Structures are given as structure tokens and as C-alpha cells.
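# Residue-level structural notes
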Amino acid sequence: MITLSPTAALRQRAARLRRDGVQVFDFSAGELDLPTPAHIVTAAIEAARRPENHHYGPTGGETRLRRAIADRLTPRAGIPLDDSNVLVTHGAKQALFNTFMALLEPGDEVLVPAPYWVTFPSSVRLAGGSPVIVQPSAGELKITPDHLETARTPSTRAMVLCSPNNPTGLVYDASELRALLTWAARHNIWIVSDETYVDLGFRPVPAPGQVEPGVSDRLITVGSVSKSYAMTGWRVGWMSGPKQVIDAAAAVQSHTTSNVSRIAQAAALAALTGPDVTAEFRAILGDRLKACQAVLEPLGLFRTPPDGAFYVFPDVRGFAPDDVTVADRLLDSGVITVPGASFGAPGHLRLSFAIAEEHLRSGLSTMAGLLDGWAA
């Protein structure tokens, strides 16, 4: 059964609290609070004035944008890419849906390491596959080949990677990633690599194609402009990989949503080819992460600091029997977090620090006071 995304449900609860006059500190946001950079907006305005953009475009995306994505991904892919290796989609979610529709037959299994973004298992189910959740060792937040091998069956068709990870912000280093890729290659398993947060890494983020170029013929890379360029509302993402998979995914898209808005694609092209804003965004997020550390570390809630993205993922089992109880009690006081159980990691909370610093500091102070009181 497919259910509403937990983060979407939390946004609805936050809206109800605000309507009731409750001061809300919302740590559930999966997007930057910053506006889309001006040069990107300008490109969209100019595109909107051109009549050709008022009509259908190529299902697979505008050629210039596909080439820009291919150029961006080639150093990370391990092989040269061109526009035939890219499909422009309505955000990374549709890229995942298209990918699994292209790869899976009914009953095929996809290994999904926990903690996982909530859309991964749902995308697999929508395509008729079966997600198999792969749990790390107790006290850990990363998986190893041994964990994958335990979960593998003759029906295993693909595995998901997400680095920097949502919800943890952790990055697989080159040696960790190479071990996973070598295992996948040995068993002819497709690798679906979600690189949505790759430009928001606080340290270099190794790519599968860089670490192990031999996997490139079974590698699908998913990404978007949503997080790195403050463009979640523009809905432009992509998938990249072998041409036969891209062609099959484009056929799926032709019967579902067809082409992405040509105006939004013009904005995405400006993002990828214009001035780099990601360094500024990383600096802002780095300052906010320090604010989180200052409050959470004394409470013992900063043991796994993120390497990227904009989430911290503390273990809160010292404050209540389970994470859902902690989240519910915080919500009663207007502090909105996402229980780790939503991500296959009970006992944790996901806290987004992609919110204005003044709001962030006030919310952290409120949360710390509540948790400190419970611990006492």
C-alpha cells in the first residue's frame, strides 16, 4: 500500500498548528529556505517570453539541458556521457519512478539500505518490485557488503545508494563505496545512485563511476537542481545511464507526464551553466550546522555529524522509549521533527537545519529545554 509521504503529512500538521496560533519550529523541511538565485529566475522570465516555450517540447528534455547534465556528470560517471544518456524528469522522484519502471519486472527485488529516503521503497513498489530493507549493524548508520549479501536472493535486481544520505547526511568514503560496488558488480546488480545532495557535501563526495569505472554499464544516476540551487518548486530532475535504460524510461514518461515545463528547464540550464552558488549555500549551512552542534552536543545528540546535505540524525532513545514518542511530545510544544522510524531507523529523529538561523536557534533552544527536562 502506498501512503502519504511522512514529511508531507508533517507539513499538513504544521499548517494546522499555525492556524491554531501555536508558535511552530519546523525541523521537518527537506528544502532550503533560501530563494532561487536571481540569474536563474531571470532565465525563466526570458524563456516565458518566447512563444516556442508555450508548447510541448521533447519528452526527454531540451537538448541543451541534457548536454549540460551530461557534461556535469561525465567526470563522476567514469565514462563519457552525451545527451542520449540523460532523461530530464519532474524532479528526482519521477527519475526514481522511471528508473524502476524501466529496470524491474514484477517480483524483482531492490536492496534499500536503511536509513533510507521514504520515497525509495515506495518507488520500487509503484513499479511492481519488492523493496528489501538492508539494516546496518547495531549502532551504525552505514551498510557493508556483508549486510547486502545477507539480503541478496536470486530475485535481487538492483540496489540503491544515497550519498550524501537523506536522512543522515553521511557520505560513503571511497573505500566503503568501492567495497559496495565490487560486491554489486560480482552479482550483476544494477546500482541506482541518488546524488541529489552531492553539491551540498561538506567534504568531497566520491561517485560510483569514479571509484569503480567498471560498474558504469549498470549504473543509473539520479539528481536534480532542487536542493543545491534552492529550486524544489521548479520540479526539474534527471536520470542518467546506459542509453537502452534511458530510452525505456523516456517511453514510460511519454505515457505519464510527457515533457518537463520548458520554462523550468531554462531555469535549470541557467543553474547548471551559470555562476556557482553552491559554495555560498554550503557556507550558510555550515554555520547552521555549528549552531546545531552547540546545542545538541551537550545533550549527547551529535555523535554522528553529517558530511553533507542539511540534516542531523540523533539517537534519542535516552529520552523516551521510542522516537515516535519523542517526536509526538516535541510536537505538542510546536517543535516538528521526523521520527527515524519513517526512514527505517527507529530511535532517531531527523532534524533539518535548512531553516533561517534565528528560527533555528530558537527552535533548538526550545527543544533542548524540553529534552533536558525529560532526561532529568
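In what follows, the accompanying structure is described.

Reading the values: rules and limits
- Residue numbers here run from 1 along each chain, matching the order of that chain's written sequence.
- Per-residue local features of the predicted model are confined to residues with pLDDT of at least 70, and side-chain atom pairs are confined, for both listing and counting, to 80 or more; whole-chain, interface and lining totals are unaffected and use all residues.
- The side-chain quantities take in all heavy atoms of the structure and omit both hydrogens and water.
- The secondary structure listing takes helices from DSSP runs of H or I that are at least 4 residues long and strands from runs of E that are at least 2 residues long, numbered from the N terminus.
- Radius of gyration here is computed from C-alpha atoms only, and the compact-globule reference equals 2.2 Å multiplied by the residue count raised to the power 0.38.
- Three exposure classes are used, based on accessible area relative to the maximum for each residue type with a 1.4 Å probe and protein chains only: buried under 20%, partly exposed in between, and exposed over 50%.
- Any two residues having at least one pair of non-hydrogen atoms within 4.5 Å are treated as being in contact.
- As used here, the term nonpolar core means buried Ala, Val, Leu, Ile, Met, Phe, Trp, Tyr and Cys residues forming a set that is joined through side-chain atoms within 4.5 Å.
- Following DSSP output, two strands are said to pair if at least two bridges run between them.
- When the strands point away from the viewer, a crossover counts as right-handed if the path from the first strand over the helix to the second runs clockwise.
- When a carboxyl oxygen of Asp or Glu lies within 4 Å of a side-chain nitrogen of Lys or Arg, that pair is called a salt bridge.
- Axis lines are fitted to C-alpha atoms, over the contacting stretch for helices. Their N-to-C directions set the angle, which ranges from 0 to 180 degrees.
- In this analysis, rings of Phe, Tyr and Trp, with Trp reduced to its six-membered ring, are considered paired at centre separations within 6.5 Å, and the interplanar angle assigns stacked below 30 degrees, edge-to-face beyond 60, and tilted for intermediate values.
- By definition here, charges over rings are those cases where NZ of Lys or CZ of Arg is within 6 Å of the ring centre and within 35 degrees of the ring normal.

Moving on, we come to the overall build of the protein. In terms of regular secondary structure, the protein is built from 13 helices and 12 strands. Computed over the C-alpha atoms, the radius of gyration of the protein is 20 Å, within 12% of the 21 Å expected from 2.2 N^0.38 for a compact globule of 376 residues. Principal axes of the C-alpha set define a box for the protein whose edges measure 60 × 55 × 35 Å. Across the 376 residues that make up the protein, the buried fraction comes to 56%. Relative to all contacts within the protein whose residues are 6 or more apart in sequence, the contacts with residues 24 or more apart total 76%.

One finds Val225, Leu296 and Phe310 to be the most contacted residues of the largest nonpolar core, which totals 60 residues. Setting aside its immediate chain neighbours within four residues, leucine 296 contacts Leu301, Phe302, Val312, Leu351, Leu364 and Met367. Membership of the second largest hydrophobic core comes to 34 residues, among which are Leu96, Phe100, Val110 and Leu170.

Taken residue by residue, a regular strand's side chains alternate between the two faces of the sheet. The buried count for strand S3 (residues 109-113) comes to 5 of 5 residues, which makes it a mostly enclosed element. Of the two faces of S3, both are covered, the one formed by Glu109, Leu111 and Pro113 as well as the one formed by Val110 and Val112. Across 5 bridges, the pairing between S3 and strand S4 (residues 130-134) is parallel. When the sheet's bridge partners are listed, leucine 111 is paired in S4 with valine 132. Between the parallel pair S3 and S4, the chain is carried across by helix H5 (residues 119-126), and the sense of this crossover is right-handed. In the sheet, S3 pairs with strand S5 (residues 156-162) via 3 bridges, with the strands oriented parallel. In the strand pairing of S5, valine 110 is matched with alanine 158.

For the rest of this paragraph, the subject is the side chain of threonine 119. As for its position among the elements, threonine 119 is in helix H5. When neighbours within four sequence positions are excluded, threonine 119 is seen to be in contact with Lys93 and Leu96.

Looking now at the pattern of salt bridges. All told, the structure shown has 12 salt bridges when counted by the stated rule. Of the charged contacts, one joins glutamate 52 and arginine 50 as a salt bridge, the two residues approaching to 3.6 Å between their closest N and O atoms. Judged by its relative accessible area of 42%, glutamate 52 is partly exposed. Look at arginine 50 and you get partly exposed, because its relative accessible area is 36%. The residue arginine 67 makes a salt bridge to aspartate 83 at a minimum N-O spacing of 3.8 Å. Linking arginine 67 in helix H3 (residues 63-77) with aspartate 83 in the loop between H3 and strand S2 (86-89), this pair joins segments that are 16 residues apart in sequence. A relative accessible area of 47% places arginine 67 in the partly exposed class.

Moving on: the sheet that holds S5. The sheet built from 7 strands is open, its strands ordered S2-S8-S7-S6-S5-S3-S4 with mixed pairing. Whereas interior strands pair on both sides, the edge strands pair on one side only; in this sheet they are S2 and S4. Sheet twist, expressed as the mean angle between neighbouring strand axes with direction ignored, is 20 degrees. As defined by bridge partners, strand S7 (residues 219-224) adjoins strand S8 (residues 237-240) across 4 bridges and the pair is classed as antiparallel. Paired with serine 224 across the bridge in S8 is glycine 237. Running over the sheet, helix H7 (residues 174-186) touches S3, S5 and strand S6 (190-194) and is turned about 165 degrees from S5.

Aromatic rings considered in pairs are described by the distance between their centres and by the relative angle of their planes. Per the counting criterion, the structure on display carries 5 aromatic pairs. Geometrically, the ring pair formed by tyrosine 197 and phenylalanine 310 is edge-to-face, given 5.5 Å between the ring centres and 75 degrees between the ring planes. With tyrosine 197 in the loop between S6 and helix H8 (208-211) and phenylalanine 310 in the loop between helix H11 (278-296) and strand S9 (311-312), this pair connects stretches of sequence that are 113 residues apart. Judged on exposure class, the residue tyrosine 197 and its partner phenylalanine 310 are both buried. An angle of 75 degrees between the planes, with centres 6.2 Å apart, marks the rings of phenylalanine 313 and phenylalanine 343 as edge-to-face. With phenylalanine 313 in the loop between S9 and helix H12 (323-332) and phenylalanine 343 in the loop between strand S11 (338-339) and strand S12 (349-352), this pair connects stretches of sequence that are 30 residues apart. Each member of the aromatic cluster is reached from another via a ring pair, and the members are Tyr197, Phe310 and Tyr311. The ring of tyrosine 172 has lysine 142 sitting right over it, with the charged end atom 5.5 Å from the ring centre. A cation sits over an aromatic face here: arginine 329 above tryptophan 374, 4.1 Å from the ring centre.

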